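These are the residues of each chain, in order.
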Amino acid sequence: MKRRGKGASLLSLLLAVLLFVLAAGCGRTEQKSSTAASESGTSKESGTEKAESESGALTESSASKAESGSAAAGTRTVKDQFDHEVKLPEKVNSICGTFPAIDAIVVMLDAGDKLVATTESNQKNEWMLRVRPGLDTLPTPFSGLSSGNVEELMKLSPDVIICGKAADYDTLTSAGLTAVQVNTTSMKGIQDYIALIGEILGEKHAEKAQRLLKYYQENLDRVTAVTNGIPKEKRPTVFYSAGKTITTEGNNSIVKEWIEIGGGINVAAEHGVDGTFVDVTPEELLEWDPDIIICRDYATKAEYENDAVLSALSAVKNKKVLVNPYGIFKWCVRSADEAIQPLWAATVIQPELFKDIDMKEECRKFHKEFYNLDLNDDEVNSILFPTR
């Protein structure tokens, strides 16, 4: 009996130990599983957060692209030289200008295909037709603009119209057309509106505008480095003929600027003439008796020579009546070609000081660089010494 009880007790003890061991092992397994589940849960949570974060980033990126695409198909705002804020399409596909110089600038900036209207004078210019074929087939709706005739322009519906006069701006915008007003009265004004037209046309056109402005400034610096030191008594007087023998430009004009930069004195400005396209009397012109006369138009030169009164001028007698160069546009006024005018002005107003400037070579380089034209000698001469 005692032995059997002792054996039973021993067996009970062994069973208890075995149960304890099994219980402990199960607890460790549950703890390990719980820990693994917890780490896995963190990992899954992190993965989820990462996926959600990437998803969010992609969503934001997609939204940015969508907004960018929307902007590309939308509008942008530019401020013109008279502080008008003008809303334009993101990409301008059609443009025109109320005065002829705009076409030359648009063409120079490699956007001639965007012109949808032009002026009669540009349609008669063989050089303009060479760089913008088909210009003579475009409508010419600007002649009636002063009387408010905008019907043809409204049919064309250009993305933007460039104008110079406040009255034109008011007429165009009152008709619901998009217009930008530019300042053409000074070199700074012209430089700024060339840059503005580049901005309006878009990136690659803006880059070329800046290239032109750099060239323009280099020419100004090259000339003024010499002429700024010329005293007044050594500066010849110059009269500029703006289309007629007694029509001129004085103070507050680009003409006064390039005459002075070239080393001369604008004789009309010196006598109080202000603004552009101002008529003086033959008597005043005779009294002023300028050393040099620079004609905008070839025909005017012969008018001086054949006029019974004005032929007595010293400039006529001394063969100092000159015709300003004229290619894609007249170099002397309000266009992109104004950039080369300071060089020419210096060589004719102060020829002894600028013998180093070869205008034939300068003309050739200018047209190659900015119009991609390879000019032969006859073509260079036809621009420098126009007969039209």
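Residues numbered from 1 in each chain as written. Predicted model: local features only at pLDDT ≥ 70, side-chain atom pairs only at ≥ 80, totals over all residues. Heavy atoms only, no water.

What is the right way to look at the overall build of the chain in this model?
Secondary structure summary: the chain contains 16 helices and 11 strands in total. Sequence separation of at least 24 residues holds for 60% of the intrachain contacts in the chain that already meet a minimum separation of 6. Surface summary for the chain: the accessible area is close to 19900 Å², and the carbon and sulfur share equals 52%. (Helix = DSSP H or I, 4+ residues; strand = E, 2+ residues; numbered from the N terminus. Contact = heavy atoms within 4.5 Å. Areas by Shrake-Rupley, 256 points an atom, 1.4 Å probe, with all protein chains shown as cover.)

Hey, could you run me through helix α15 (residues 359-371) in this one?
For an α-helix, 3.6 residues make a turn, and residues three or four places apart therefore share a direction. A rise of 1.5 Å per residue sets the reference length of α15, with its 13 residues, at 18 Å; its end C-alpha atoms lie 17 Å apart and thus fit the reference within 8%. In this structure, the buried residues of α15 make contact with α2 (101-108), α4 (126-131), α8 (203-227), α14 (341-349) and α16 (377-384). The backbone nitrogen of Lys360 has a side-chain oxygen 3.1 Å away, supplied by the residue at the start of α15, namely Asp358. In the stretch just after α15, Asn372 is the one whose phi turns positive, near 55°. (Expected span 1.5 Å × (residues − 1). Polar contact = N/O pair within 3.5 Å; in protein donor to acceptor, adjacent residues only side chain to side chain.)

It is not clear to me how the packing of aromatic side chains should be interpreted in this structure. Could you clarify?
Remark: the centre distance and the inter-plane angle together describe each pair of aromatic rings, the angle taken between the planes. For the structure shown, the criterion picks out 6 aromatic pairs. Centroid distance Phe366 to Phe370: 5.5 Å. Interplanar angle 50°. Geometry classified as tilted. Here Phe366 and its partner Phe370 are both found in helix α15, 4 residues apart, which amounts to about one turn of the helix. The same class applies to Phe366 and to Phe370, which are both buried. Taken together, Tyr215, Phe366, Phe370 and Tyr371 form an aromatic cluster joined through their ring pairs. Seen from the ring of Tyr326, Lys330 lies directly overhead, with NZ or CZ sitting 3.8 Å from the centre. Over the aromatic face of Tyr326 sits the side chain of Arg388, whose NZ or CZ is 3.8 Å from the ring centroid. (Phe/Tyr/Trp six-rings, centres within 6.5 Å; stacked < 30°, edge-to-face > 60°. Buried < 20%, exposed > 50% of the residue type's maximum accessible area, 1.4 Å probe, protein only. Lys NZ or Arg CZ within 6 Å of the ring centre and 35° of its normal.)

So what exactly am I meant to see when it comes to the packing of α8 against α15 here?
Between two packed helices, both the angle of their axes relative to each other and the distance between the axes serve to describe the pair. Packing of α8 against α15 brings their axes to within 11 Å, and their N-to-C directions diverge by 160°. When the axis of α8 is compared with that of α15, the two are roughly antiparallel. Note that α8 runs across α15; the crossing there is right-handed. Contacts between α8 and α15 involve Lys208, Arg211, Leu212, Tyr215 and Arg222 from the former and Glu362, Phe366, Glu369 and Phe370 from the latter. Tallied by class, residues from the contact of α8 with α15 come to 4 nonpolar, no polar and 5 charged. (Axes fitted to C-alpha atoms, helices over the stretch in contact; angles between N-to-C directions. Parallel < 35°, antiparallel > 145°, perpendicular 65-115°, else oblique. Left-handed = near helix turned anticlockwise from the far one by under 90°. Nonpolar A, V, L, I, M, F, W, Y, C, P; charged D, E, K, R; others polar.)

Please clarify how the confidence of the model for the chain should be interpreted in this entry.
One rule of thumb: low pLDDT means the predicted coordinates there are not for detailed reading. The predicted model of the chain averages 86 in pLDDT, with 81% of residues at 70 or higher. Note on residues 1-72: pLDDT under 50 across the span, and 2 contacts to partners over four residues away in sequence or across chains. (pLDDT = per-residue confidence, 0-100.)

Could you clarify how one ought to interpret the sheet that holds strand β5 (residues 179-181) in this entry?
Strand pairing in a sheet relies on backbone hydrogen bonds, with the paired strands running either antiparallel or parallel. Across the sheet, 3 strands lie side by side as β3-β4-β5; this open sheet has parallel pairing. A strand with exactly one partner marks an edge of an open sheet, and here the two such strands are β3 (95-97) and β5. Each strand axis lies, on average, 20° off the axis of its neighbour in the sheet, ignoring direction. Pairing analysis gives 3 bridges linking β3 to strand β4 (residues 160-163), with the strands arranged parallel. Each bridged residue has a counterpart across the sheet, and for Ile95 the counterpart in β4 is Val160. Along the sheet, helix α7 (residues 187-201) contacts β3, β4 and β5; its crossing angle with β4, the most-contacted strand, is approximately 175°. (Pairing = 2+ DSSP bridges.)

Where do I start with α2 in this structure?
Counting buried residues along α2, 8 of its 8 residues qualify, which places the element largely inside the surrounding structure. For α2, the full list of buried residues reads Ala101, Ile102, Asp103, Ala104, Ile105, Val106, Val107 and Met108. The positive-phi residue at the C-terminal boundary of α2 is Asp110, with phi of around 65°.

Just to check I follow, could you spell out the pattern of salt bridges for this structure?
Pairs can form between side chains of opposite charge whenever their charged atoms are close. The tally for this structure, following the rule as stated, stands at 16 salt bridges. In this structure, Glu218 engages Lys214 in a salt bridge whose closest nitrogen and oxygen atoms are separated by 2.7 Å. Highlighted residues: Glu218 and Lys214, both in helix α8, separated by 4 residues, approximately one helical turn. By relative accessible area, which is 53% here, Lys214 ends up exposed. Bridged by salt links that share partners, the residues Arg296, Asp297 and Lys330 form one connected network. (Salt bridge = Lys/Arg side-chain N within 4 Å of Asp/Glu carboxyl O.)

In this structure, what is going on with the sheet that holds strand β8 (residues 265-266)? I would like to understand it.
Spatially, the 4 strands line up as an open sheet ordered β8-β6-β10-β11, and their pairing is parallel. In this open sheet, the two strands that pair with only one neighbour each are β8 and β11 (321-323). Here strand β10 (residues 292-295) pairs with β11 via 3 bridges, running parallel. Opposite Ile294, over in β11, you have Leu322 as the bridge partner.

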